[in-house]
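Examination of the molecular architecture
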Amino acid sequence: IEQNSELAKPILMLSCGDPLLRQDIFELAAYGTKKGLRVVMSPNGTLLTPEVVERIKMAGVSRISVSLDGSSPEVHDSFRQAAGSFKAAVRGLTYARQGNLSFQINTTVTRRNLHDLSSMLNTVVDLDAVTWDVFMLVPTGRGKIEDEVTPQEYEEVLNWIHEVSRTAPIRIKVTCAPHYMRIVRQKAKERRDSGKDSQHPISYSKRFGSETRWASPISSVDNYFQAHPSCCSDSDGFEPIARSDDLGSTLKSFFGSLKSVSSEQENGRNAGASAHQSFRRGCLAGTGFCFVSHIGDVQPCGYLNLIAGNTRRQPFGEIYLESELFRNLRDVSRLGGKCGYCEYRMICGGCRARAYGVQGNYLAEEPYCIYQPRKGEENSRL
């Protein structure tokens, strides 16, 4: 945290597993806040209580993110392989809302929930999240290649997200889908060429489940479960969340990691792109984002399991700015396959973690992009 604050003023995300299991998590969050960082947290939601929500706010955490991978226990719990996890996460999110703690909901798209995306968006709106962050699966950790949707389905999902984001009452963003930047540009060009900027009909609703509808926020966990009776079954293995006086015995293990997202150029030194430029690029791995594990290993992102250095042996700034791995990721001329000559490479770059997970080469072409670039086109034309 100290080294990060000296290099820039990034967003500091406390994540990995459930950071609330770490005994010093509130101390770390408060210290990051004191150093002028914007601190956010990514718990799994199951340990959130009104008391914990208050402690999170007191530590200066400005927002939390919680993963929901389905609009029902059947869909979510199947992917998370934990019975009762949906109900526990929703209960925690409701406590966050009641405690005026800002939160976003993250959803990873897989074969298991492709049919459920419209319903999932309705659920996110019902729960009154400020943002829905849609992650496209990277085959690492729990994510397996057989859980991936097809490249054509990726394209359809991203087009659907673009459509619904224009009318949805909340912000929708995507992660691990850098080719979404291409789709945004393509759609903007279509509107310019046609001279129209009207809302397009949501043509993918049937493909991804029931039609979206914008409901009023549900104010309490009891009202939520009354409106969603399938979530109330006692047979789902849900155990009551620990009371505040049980919290000390619950927070046992030292898990958690620090992810840093740079929000400005590092002390005038060229790290390959300024923060403004990096946030306009689809893949942020090493270009404005990095992952620091609890033992100090620095990776370009949590899904790209390559280590650039260790903060216990080397200054963070030196790793971030000078490591060969990070410098390669910032140099689009090193991209292989069609990514190397794609006219959208400066704003997309392909998912480096997915390239590594599927092909074993983090500079290989994005394996789940169906776009065929026009070889020889100049980026400046976009």
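Residues numbered from 1 in each chain as written. Predicted model: local features only at pLDDT ≥ 70, side-chain atom pairs only at ≥ 80, totals over all residues. Heavy atoms only, no water.

Turning our attention to the overall build of the protein chain. Each helix and strand in the protein chain was counted, giving 14 helices and 10 strands. Burial analysis of the protein chain (382 residues in total) assigns 55% to the buried set. Taking the intrachain contacts of the protein chain between residues at least 6 apart in sequence as the baseline, contacts between residues at least 24 apart amount to 72%. Summing over all exposed atoms, the protein chain offers an accessible surface of approximately 17,200 Å²; the carbon and sulfur share of this is 48%. (Helix = DSSP H or I, 4+ residues; strand = E, 2+ residues; numbered from the N terminus. Buried < 20%, exposed > 50% of the residue type's maximum accessible area, 1.4 Å probe, protein only. Contact = heavy atoms within 4.5 Å. Areas by Shrake-Rupley, 256 points an atom, 1.4 Å probe, with all protein chains shown as cover.)

Another point: the packing of helix 7 (residues 151-165) against helix 8 (residues 180-194). Helix-helix packing is described using two parameters, namely the angle between the two axes and the distance between the axes. Relative to each other, helix 7 and helix 8 sit at 55°, their axes nearing to 10 Å. In terms of their interaxial angle, helix 7 and helix 8 are classed as oblique. For the pair helix 7 and helix 8, the sense of crossing is right-handed. Between helix 7 and helix 8, the residues in contact are Glu155, Leu158, Asn159, Ile161, His162 and Ser165 and Tyr180, Arg182, Ile183, Val184, Lys187 and Arg191, respectively. For the contact of helix 7 with helix 8, the per-class residue count stands at 5 nonpolar, 3 polar and 4 charged. (Axes fitted to C-alpha atoms, helices over the stretch in contact; angles between N-to-C directions. Parallel < 35°, antiparallel > 145°, perpendicular 65-115°, else oblique. Left-handed = near helix turned anticlockwise from the far one by under 90°. Nonpolar A, V, L, I, M, F, W, Y, C, P; charged D, E, K, R; others polar.)

This brings us to the confidence of the model for the protein chain. Residues of the protein chain with pLDDT of at least 70 account for 75%, and the chain-wide mean is 78. Per-element confidence in the protein chain ranges from a low mean pLDDT of 25 for helix 10 (residues 247-250) to a high of 97 for helix 3 (residues 50-58). Across residues 198-202, confidence stays below pLDDT 50; counting only partners more than four residues off in sequence or on other chains, it has 11 contacts. Note on residues 377-382: pLDDT under 50 across the span, and 9 contacts to partners over four residues away in sequence or across chains. (pLDDT = per-residue confidence, 0-100.)

With 14 residues, helix 5 (residues 85-98) extends 20 Å from end C-alpha to end C-alpha; this agrees with the ideal 20 Å at 1.5 Å per step. The element helix 5 is extensively covered by neighbouring structure, given that 12 of its 14 residues are classed as buried. Among all positions of helix 5, only Ser85, Phe86, Lys87, Ala88, Ala89, Val90, Arg91, Gly92, Leu93, Thr94, Tyr95 and Ala96 are buried. Directly after helix 5, the chain includes Asn100, whose backbone phi takes a positive value near 60°. (Expected span 1.5 Å × (residues − 1).)

On to the pattern of salt bridges, then. Within this structure, the stated rule accounts for 14 salt bridges. One salt bridge in this structure joins Lys173 and Asp133, with 3.1 Å as the shortest N-O distance. Placement of the pair is Lys173 in strand 6 (residues 171-175) and Asp133 in strand 5 (residues 131-136), with a sequence separation of 40 residues. Under the relative-accessibility criterion, Asp133 is labelled buried at 3%. Put simply, Glu148, Arg354 and Glu366 are held in one network by salt bridges that share partners. (Salt bridge = Lys/Arg side-chain N within 4 Å of Asp/Glu carboxyl O.)

Turning our eyes to something else, we now look at the packing of aromatic side chains. Centre distance and the angle of the planes are the two values used to describe a pair of aromatic rings. On inspection of all chains with the given rule, the structure shows 5 aromatic pairs. Relative to Phe326, the ring of Tyr320 lies with its centre 5.7 Å away and its plane at 75°, an arrangement referred to as edge-to-face. By relative accessible area, Phe326 is classed as buried at 0%. Chaining the aromatic ring pairs together yields one cluster made of Phe316, Tyr320 and Phe326. Note that Arg330 overlies the ring of Tyr320, its terminal NZ or CZ placed 4.7 Å from the centroid. (Phe/Tyr/Trp six-rings, centres within 6.5 Å; stacked < 30°, edge-to-face > 60°. Lys NZ or Arg CZ within 6 Å of the ring centre and 35° of its normal.)

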